[in-house]
Amino acid sequence: MSAIRARAFAKINWTLQVTGVRDDGYHLLNMVMQSVSLHDTLILEPANRLSLHVEGSELAADEHNLVIRAARMLMNRFPHVPGARMTLKKRIFEQAGMGGGSADCAAALVGLSRLWNLPLTLSQLEGMGARLGADVPFCVRGGLQMVSGIGEKLQPLPSGVPIHLIAAHPGAGLSTPEIFRAWDRAPVYLSTDARLTAQAIQNGDLHALARRMGNALQPAAVEQLPVIQNMIDDLKEAGALAAQMTGSGSAVIGFFSQKQQAAQALEALRARYPLCEAMETVPTGVEIVEE
């Protein structure tokens with residue numbers, strides 16, 4: 001095998017409910033998450049040692065990088081593997097709540113397991129990913145899932161038909177720990193039923209989805225970065241059936257009934273928000289192509 005190209009798909013939150021706080025300070029969550037077509041690309045080539053080169057980002061390619069950490073975890077478990085030359089091409093917005101780092105980590109786990117022909121199942125890779133980041137297990141499998149606990153309890157669901165979206169980023173990020181601390185100071189509890197939200201997605205009932213989505217962290221994020229509310233309003237003005245922040249921010253998503261509507265809205269929104277992309281939901285978290 002000469003090389004593997006892994007597409008690492010971003011994720012969005014249709015719902016994000018905070019249901020409580022554990023004694024150790026971790027927040028308990030109830031979420032509906034889904035993979036979208038915006039992706040980073042991780043190219044893996046056989047080599048005698050491990051290396052990483054990052055393109056399209058100032059992200060460090062050192063031992064703190066989740067891609068390197070995923071590779072080291074696999075190498076510690078399977079000491080016989082030789083190494084890999086890894087090239088990461090970034091396109092997912094950073095500090096956006098779209099799981100870019102987690103997606104890259106998942107791509108490393110899945111892609112290197114394939115490159116090195118390791119006897120690991122997807123479930124085992126999810127378990128390894130949980131030790132690296134809360135969103136990594138989701139990103140390993142991807143698609144549409146209900147996620148609970150602190151992110152480790154996953155219930156994969158049929159993805160339904162593709163939904164057309166726009167994601168916009170204000171060009172400034174938010175600190176996830178600080179957003180959760182702000183939630184602690186002023187808790188927001190949503191009455192959204194995550195199962196009904198997931199059902200609306202599976203049924204392709206976009207109007208029901210618009211009524212049932214929600215993000216409990218959004219008020220805290222808007223208080224710190226008011227442009228988030230402007231982006232939500234502008235997406236709706238451009239024709240989105242609904243719009244909200246994804247994850248802990250700062251990206252905002254809006255979805256449309258038709259692909260053409262999303263494409264037209266993208267042209268209008270890019271004049272104000274250069275970091276703006278059209279995308280659609282996809283049924284997997286990592287897509288592997290052997291070259």
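Residues numbered from 1 in each chain as written. Predicted model: local features only at pLDDT ≥ 70, side-chain atom pairs only at ≥ 80, totals over all residues. Heavy atoms only, no water.

Draft legend 1. Examining the overall build of the protein more closely. Along its length, the protein carries 10 helices and 12 strands. Taken over the C-alpha trace, the protein has a radius of gyration of 19 Å; the compact-globule value for 291 residues is 19 Å, and the two agree within 12%. Among the 291 residues that make up the protein, the fraction classed as buried is 55%. Relative to all contacts within the protein whose residues are 6 or more apart in sequence, the contacts with residues 24 or more apart total 76%. When the accessible surface of the protein is split by element, carbon and sulfur atoms take 48% of a total near 12,700 Å². Averaging the locations of the 25 positively and 27 negatively charged side chains of the protein gives two centres separated by 4 Å. (Helix = DSSP H or I, 4+ residues; strand = E, 2+ residues; numbered from the N terminus. Rg over C-alpha atoms; globule rule 2.2 N^0.38 Å. Buried < 20%, exposed > 50% of the residue type's maximum accessible area, 1.4 Å probe, protein only. Contact = heavy atoms within 4.5 Å. Areas by Shrake-Rupley, 256 points an atom, 1.4 Å probe, with all protein chains shown as cover. Lys, Arg positive; Asp, Glu negative; His and termini not counted. Charge placed at Lys NZ, Arg CZ, Asp CG, Glu CD.)

Draft legend 2. Geometry of the nonpolar core. Counting 104 residues, the largest nonpolar core has Trp14, Met86, Met98 and Leu112 as the members making the most contacts within it. For this core, the leading source of residues is helix H2 (residues 100-115), giving 9 residues. Apart from the residues within four sequence positions on either side, methionine 98 is in contact with Ala10, Lys11, Ile12, Val36, Leu38, Ile92, Phe93, Ala167, Thr246, Ala251 and Met279. (Core = buried A, V, L, I, M, F, W, Y, C linked by side-chain atoms within 4.5 Å.)

Draft legend 3. Quick look at the pattern of salt bridges. As enumerated under the stated definition, the model contains 13 salt bridges in all. Arginine 272 is the partner of aspartate 234 in a salt bridge, and the nearest nitrogen-oxygen pair spans 2.7 Å. With aspartate 234 in helix H9 (residues 227-237) and arginine 272 in the loop between helix H10 (259-270) and strand S11 (275-280), the pair connects residues that are 38 residues apart, well separated along the chain. When salt bridges that share partners are traced, they join Asp40, Lys90 and Asp104 into one network. (Salt bridge = Lys/Arg side-chain N within 4 Å of Asp/Glu carboxyl O.)

Draft legend 4. Region of interest: the sheet that holds strand S7 (residues 164-169). A sheet is described by the order of its strands in space; here 4 strands give the open sequence S9-S10-S7-S11, paired in antiparallel fashion. Taken across any chain shown, the strands that pair with only one partner, and hence form the sheet edges, are strand S9 (242-245) and S11. Here the strands of the sheet are splayed against their neighbours by 20 degrees on average, with no regard to which way each runs. When S7 meets strand S10 (residues 252-256), the two strands line up antiparallel, connected through 5 bridges. Within the sheet, the bridge partner assigned to alanine 167 lies in S10 and is isoleucine 253. (Pairing = 2+ DSSP bridges. Axes fitted to C-alpha atoms, helices over the stretch in contact; angles between N-to-C directions.)

Draft legend 5. Structural context of the pairing of strand S3 (residues 50-55). Residues Leu50, Leu52 and Val54 line the buried face of S3, whereas the alternating positions Ser51, His53 and Glu55 sit on a face that is not buried. Handedness of the β-α-β unit built from S3, helix H1 (residues 66-77) and strand S4 (residues 84-89) comes out left-handed. (Right-handed = clockwise from strand over helix to strand, strands pointing away.)

Draft legend 6. Layout of the packing of H2 against helix H3 (residues 122-130). Across the interface, H2 lies against H3 with an axial gap of 10 Å and an inter-helix angle of 135 degrees. What the angle tells us is that H2 and H3 run oblique. In the crossing of H2 with H3, the sense of the turn from one axis to the other is right-handed. On H3, the residues touching Leu109, Val110 and Ser113 of H2 are Leu122, Leu125 and Gly129. Its residues assigned to classes, the contact of H2 with H3 shows 4 nonpolar, 2 polar and no charged. (Parallel < 35°, antiparallel > 145°, perpendicular 65-115°, else oblique. Left-handed = near helix turned anticlockwise from the far one by under 90°. Nonpolar A, V, L, I, M, F, W, Y, C, P; charged D, E, K, R; others polar.)

Draft legend 7. Region of interest: the environment of valine 136. Counting through the fold element by element, valine 136 comes out in helix H4 (residues 136-141). Along the sequence, valine 136 and glycine 101 sit 35 residues apart, while their C-alpha atoms lie 8.5 Å from each other. Once you skip the residues sitting within four places of it in the chain, valine 136 turns out to touch Ser102, Cys105, Ala106, Leu109 and Gly129.

Draft legend 8. Representation of H3. Turning to H3, its buried residues number three or more, namely Leu125, Glu126, Met128 and Gly129. The arc that holds the buried residues of H3, viewed along the axis, is 165 degrees, so those residues lie on one side. Tucked into the core, H3 has its buried residues touching H1, H2, H4 and strand S6 (153-157). (Arc of directions from axis to C-beta.)

Draft legend 9. Region of the structure containing unusual backbone geometry. Along the chain, glycine 249 connects to serine 250 via a cis peptide bond; the corresponding omega equals 15 degrees. The topology assignment puts serine 250 in the loop between S9 and S10. Here glutamine 95, not a glycine, exhibits a phi torsion of approximately 50 degrees, which is positive. Tracing the sequence through the fold places glutamine 95 in the loop between S4 and H2. One non-glycine residue, asparagine 117, lies in positive phi territory at about 55 degrees. Position of asparagine 117 among the secondary structure elements: in the loop between H2 and H3.

Draft legend 10. Seen up close, the pairing of S6. Examined bridge by bridge, strand S5 (residues 144-149) and S6 share 5 bridges and lie antiparallel to one another. Bridging across to S6, valine 147 finds its partner in leucine 154. Between S5 and S6, which pair antiparallel one after the other, the connecting turn spans 3 residues, and glycine 151 there sits at a positive phi close to 115 degrees.

Note that every value here comes from positions in space, so none of it alone points to a role or purpose.
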